[in-house]
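Descriptive structure summary
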Amino acid sequence: KKYHGDLPKHYVEGPQIWTQAKRLDPRAHPEYGVFLTGQCRFDEALTLAYEWMDLDPGVNAHFAIGYIQNKARQLEESTEQLEFVIDHWPGFVWAPFWLGCNYAFLGRSEQAIGLMQRALEAAPWHSIGRAYAGAVFGAAGAPEDARAILRSFEAIGREGGYVDPFNLALVHAGLGERDEA
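Residues numbered from 1 in each chain as written. Predicted model: local features only at pLDDT ≥ 70, side-chain atom pairs only at ≥ 80, totals over all residues. Heavy atoms only, no water.

Along the backbone of the protein chain there are 10 helices and 0 strands. Reading the secondary structure of the protein chain in the N-to-C direction produces α-α-α-α-α-α-α-α-α-α. For the protein chain, the proportion of its 181 residues judged to be buried stands at 44%. Across the protein chain, every contact between residues at least 6 apart in sequence was considered, and the portion connecting residues at least 24 apart equals 41%. Carbon and sulfur atoms make up 54% of the accessible area of the protein chain, which totals about 10200 Å². (Helix = DSSP H or I, 4+ residues; strand = E, 2+ residues; numbered from the N terminus. Buried < 20%, exposed > 50% of the residue type's maximum accessible area, 1.4 Å probe, protein only. Contact = heavy atoms within 4.5 Å. Areas by Shrake-Rupley, 256 points an atom, 1.4 Å probe, with all protein chains shown as cover.)

Printed below as a string of structure tokens:
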């Protein structure tokens with residue numbers, strides 16, 4: 001089969017596979033919504049997330065909606081959903097990272113920094129979460145915290161561990177270091 005440009009096979013065949021999965025199990029909605037979000041098909045992803053909310057109005061559905069809205073840059077709406085998640089499930093690891101990003105984009109720097117510091121305390125092991133925290137620290141006026149994250153990534157590399165270049169780029173972008181990013 002010939003595929004569109006350089007897109008991997010799963011990006012082209014993915015919609016058909018997920019449509020079949022949805023027919024078999026409606027709980028496939030959340031995973032398909034993440035797939036659609038990755039393709040910037042936000043309206044479709046939100047439709048599925050709201051369908052999920054109708055099936056199960058729990059915290060996970062609110063998080064899915066807030067995450068998709070974050071990626072679609074619907075920051076006020078996303079903030080409302082993610083604050084709901086944190087209020088109802090304070091231990092939910094991902095919500096603070098995305099909410100901290102929202103706060104930074106909305107100019108709520110103190111809230112962004114404080115939330116990211118708490119998120120890192122809860123999940124210091126999470127590399128991509130640390131990268132987003134570093135980006136927020138840089139953008140929100142805590143460059144020393146962002147640089148500390150860069151140093152921690154450098155230490156991982158020196159010890160033979162792998163650091164995804166995307167993580168480094170996020171922190172550098174937050175610091176306004178476009179060339180390094």
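Picking up where we left off.
Let's shift gears to helix H5 (residues 75–88). For H5, with 14 residues, the first-to-last C-alpha span of 20 Å sits near the 20 Å given by 1.5 Å per residue. Looking at the packing, one finds that the buried side of H5 touches helix H3 (42–55), helix H4 (59–71), helix H6 (94–105) and helix H7 (109–122). (Expected span 1.5 Å × (residues − 1).)

Once that is clear, we can look at the pattern of salt bridges. Within the structure shown, the criterion is met by 3 salt bridges. Glu-44 is the partner of Arg-41 in a salt bridge, and the nearest nitrogen-oxygen pair spans 2.8 Å. In this structure Glu-44 comes out as partly exposed when scored by relative accessible area, which is 37%. A salt bridge links Glu-177 to Arg-147; the nearest nitrogen and oxygen atoms lie 2.3 Å apart. Within this pair, whereas Glu-177 is found in the segment after helix H10 (165–174), its partner Arg-147 is found in helix H9 (residues 143–158), the two being separated by 30 residues in sequence. (Salt bridge = Lys/Arg side-chain N within 4 Å of Asp/Glu carboxyl O.)

In this section: the packing of H4 against H5. In contact at an axis separation of 8 Å, H4 and H5 are set at 150° when each is read in the N-to-C sense. Considered as vectors, H4 and H5 are oriented roughly antiparallel to each other. Regarding H4 and H5, the two cross each other, and that crossing is left-handed. The residues of H5 that touch H4, namely those facing Val-59, His-62, Phe-63, Ile-65, Gly-66, Tyr-67, Gln-69 and Asn-70, are Leu-75, Glu-77, Ser-78, Gln-81, Leu-82, Phe-84, Val-85 and His-88. Among the residues making up the contact of H4 with H5, the classes are represented as 8 nonpolar, 7 polar and 1 charged. (Axes fitted to C-alpha atoms, helices over the stretch in contact; angles between N-to-C directions. Parallel < 35°, antiparallel > 145°, perpendicular 65-115°, else oblique. Left-handed = near helix turned anticlockwise from the far one by under 90°. Nonpolar A, V, L, I, M, F, W, Y, C, P; charged D, E, K, R; others polar.)

Axis separation between H7 and helix H8 (residues 127–140) bottoms out at 9 Å; the angle between their running directions is 155°. One way to sum up the angle between H7 and H8 is to call them roughly antiparallel. In the crossing of H7 with H8, the sense of the turn from one axis to the other is left-handed. Note on element contacts: H8 touches H7 through Arg-130, Tyr-132, Ala-133, Val-136, Phe-137 and Ala-140, opposite Ser-109, Ala-112, Ile-113, Met-116, Gln-117 and Leu-120. Partitioned by chemical class, the residues of the contact of H7 with H8 number 9 nonpolar, 2 polar and 1 charged.

This part is about the environment of Glu-44. Residue placement: Glu-44 occurs in helix H3. In the structure, Glu-44 is positioned 11 residues away from Gly-33 in sequence and 7.6 Å away in space, judged by C-alpha atoms.

Across all of its chains, the model carries 7 aromatic pairs by this definition. Judged by centre distance (4.8 Å) and plane angle (80°), the rings of Trp-89 and Phe-92 are edge-to-face. Among the aromatic residues, those joined into a ring-pair cluster are Phe-63, Tyr-67, Trp-89, Phe-92, Trp-94, Phe-97, Trp-98 and Tyr-132. (Phe/Tyr/Trp six-rings, centres within 6.5 Å; stacked < 30°, edge-to-face > 60°.)

Turning next to H10. Three or more residues of H10 are buried, namely Asn-167, Ala-169, Leu-170, Val-171, His-172 and Gly-174. For H10, the elements touching its buried residues are H8 and H9. After H10 finishes, the residue Gly-176 shows a positive phi value of roughly 80°.

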